[in-house]
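One letter stands for each residue in the lines below.
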Amino acid sequence: MSSTMVSINDLHKSFGRLHVLKGCELHVEKNEVVVLIGASGSGKSTLLRCVNFLEIAEQGTIMIDGLKIQSGKDDLNKIREHVGMVFQHFNLFPHRTVLENITEAPIYVKKESKEKAINYARELLEKVGLLEKELCYPHQLSGGQQQRVAIARALAMKPKIMLFDEPTSALDPELVGEVLTVMKQLAKDGMTMMIVTHEMGFAKEVADRVIMMHDGTIIEQGPPLELFERPQHERTQRFLNQILK
Amino acid sequence: MSGFIQLFQETWLGFLKAAWLTVELTAVSLVIAIVIGLIFAFFRISDNKFLVGIAKLYITLIRGTPLILQIMVLYFGIAKVVLLSDFWAGALALAVHSGAYIAEIFRGTIQSIEKGQMEAARSLGMSYPIAMRRIILPQAFKRAIPPLGNQFIIGLKDSSLVGLLGFPELYLLSQSTAARTFLQFEAYAIAGLYYLVLVLIFTYIINRLETRLHVEKVGVRT
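Time to look at the sheet that holds strand β2 (residues 18-29) of chain A. Residue and element names in this part refer to chain A. The strand order across the open sheet formed by four strands is β2-β1-β4-β5, and the pairing between neighbours is antiparallel. One side of each edge strand has no neighbouring strand; the edge strands of this open sheet are β2 and β5 (67-69). Across this sheet, the average inter-strand angle for adjacent strands is 20°, counted without regard to direction. In this sheet, β2 lies alongside strand β1 (residues 4-15) in antiparallel orientation, the contact comprising nine bridges.

Take a look at the structure:
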């Protein structure tokens, strides 16, 4: 078994005439935490969404846990089961309780027994510190709580890798911390993670590697301290200056 | 006024029966219309150009022609192929008519559900049909209740046109009563009263349903 979890080669993606990804190359090791940074429109979210095939790249290959995925042939539903995703706007199911949000996919996709799904859901809720909210509906929770439920919902499928698409960007500042704490614990537990974020402090603390994207390509990468202290690329320097000011 | 009350008292049993037939006709036609509406809504939002074309053609034809014509065309058209009772011919015609409008209601509400809902469902490994059934449709149905209620009321009133096929619902009875008694104004006013009461009952049920499902809370994101 190789130690690589995700392997992206020469990935190209366009939306109409807009060429968003222009030959991305990225390899994520098992248990590695990779943070993607870059200005909006640089393609970092699109790259993330290509990994669980919410976007289908026109060119290039994606390998997950040693398997080359072909979007035309392979059952993408099966692949997505192993790739958890957390969205900027949480996207919890408003007509389902917290517990039902988490057990929905295990019961209706994995065909787990209700009992087993509920037990595991409670375990996850405890992990994200929301066990007492299991009967609430999403609209009764704060943004930070909703995002923690969304993380638990993704974890319920026991994914091999977790993707985070700006998980704290829609939160009030005082609610960011609780979500980042959950993510830090997840990283500590050895989850492989790809995170798009603007939280540079978090990146510094948790990331094994930071990837700088610009105009659809990865222009620079390295350990966070190195990249933040001594950015090589002029574009990275400018971006960091703007965001850290 | 005294003529009205007297006629009302003399005919209430017959009108009650006719009102019941109107309710039956409406209910059956709306159940079929919901099925038709759902199918064509899915055609309309599918990726298949052929299905989209069929749905558009159906909706255009129905919206572009008067209901009375549709009833006649269906009645005399189908009567050449299969023998249907007046009730079923009428119910089918009404269903085909309402179905087009209900298809548009469903299409609108399905498309009004945030894109993130489908994405979240798919990202958990749900297939498109499972995501539709478990995540999108329950939310879309709730949002569809107010416009559906409106369409149901229109359907109830449109059922009066089936009287023209000789089906003895409210309108036909008021017509025959008017002809029989020469109390034209009174007879039609009585029918109007029955329709009004039916619509009010309908409205009440729909309002209760809306509150029960607390429609306003769907899709709220804080």
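Further notes follow.
We now examine a nonpolar patch on the surface. On the surface, V81(B), V82(B), L84(B) and W88(B) cluster together into a nonpolar patch covering about 380 Å² of accessible area. As for its placement among the helices and strands, L84(B) is situated in the loop between α3 (67-79) and α4 (86-112).

Before going further, it helps to spend a moment on the pairing of strand β9 (residues 209-214) of chain A. All names here are of chain A. Among the six residues in β9, five count as buried, and that is most of the element. Bridging between strand β3 (residues 33-37) and β9 involves four bridges; their strand directions are parallel. Each bridged residue has a counterpart across the sheet, and for V34 the counterpart in β9 is R209. In the sheet, β9 pairs with strand β10 (residues 217-222) via five bridges, with the strands oriented antiparallel. Each bridged residue has a counterpart across the sheet, and for M212 the counterpart in β10 is E220. The hairpin formed by β9 and β10 contains two residues between the paired strands, and D215 there has a positive phi angle of roughly 55°.

Residue and element names in this part refer to chain A. Within this structure, the stated rule accounts for 20 salt bridges over all chains. For the salt bridge of R148 with E178, the shortest nitrogen-to-oxygen distance reads 2.4 Å. Here the residue R148 occupies a position in helix α5 (residues 143-155), and E178 occupies one in helix α6 (residues 173-188), the gap between them amounting to 30 residues. What makes R148 buried here is its relative accessible area of 11%.

Once that is clear, we can look at the interface of chain A and chain B. Facing 28 residues of chain A, the contacting portion of chain B comprises 22 residues. Summed over both sides, the interface of chain A with chain B buries roughly 2,300 Å², with 57% coming from carbon and sulfur. Joining chain A to chain B, the criterion identifies two salt bridges. Across the salt bridge formed by R134(B) and E104(A), the nearest N and O atoms sit 2.5 Å from each other. Across the chain A-chain B interface, the total number found is eight residue pairs in polar contact (both at pLDDT 80 or more). Going through the elements one at a time, α2 (76-81), β6 (83-86), α3 (98-108) and α5 of chain A are the ones with two or more residues in the side of chain A that touches chain B.

Residues and elements named next belong to chain B. Applying the stated criterion to the full structure yields 10 aromatic pairs over all chains. For the pair F106 and F141, a centre-to-centre distance of 5.4 Å together with 80° between the ring planes defines the contact as edge-to-face. Taken together, the residues F106 in helix α4 and F141 in helix α6 (residues 128-158) connect sequence positions 35 residues apart. On the accessibility criterion, F141 (33% relative accessible area) is partly exposed. An angle of 85° between the planes, with centres 6.4 Å apart, marks the rings of F152 and F202 as edge-to-face.

Calculation criteria
Residues numbered from 1 in each chain as written. Chains lettered and ligands numbered in written order. Predicted model: local features only at pLDDT ≥ 70, side-chain atom pairs only at ≥ 80, totals over all residues. Heavy atoms only, no water. Pairing = 2+ DSSP bridges. Helix = DSSP H or I, 4+ residues; strand = E, 2+ residues; numbered from the N terminus. Axes fitted to C-alpha atoms, helices over the stretch in contact; angles between N-to-C directions. Patch = residues over 30% accessible without salt bridge, like charges linked within 9 Å, V, L, I, M, F, W, Y side chains within 5 Å. Areas by Shrake-Rupley, 256 points an atom, 1.4 Å probe, with all protein chains shown as cover. Salt bridge = Lys/Arg side-chain N within 4 Å of Asp/Glu carboxyl O. Buried < 20%, exposed > 50% of the residue type's maximum accessible area, 1.4 Å probe, protein only. Contact = heavy atoms within 4.5 Å. Buried area = accessible area lost by both parts, 1.4 Å probe. Polar contact = N/O pair within 3.5 Å; in protein donor to acceptor, adjacent residues only side chain to side chain. Phe/Tyr/Trp six-rings, centres within 6.5 Å; stacked < 30°, edge-to-face > 60°.

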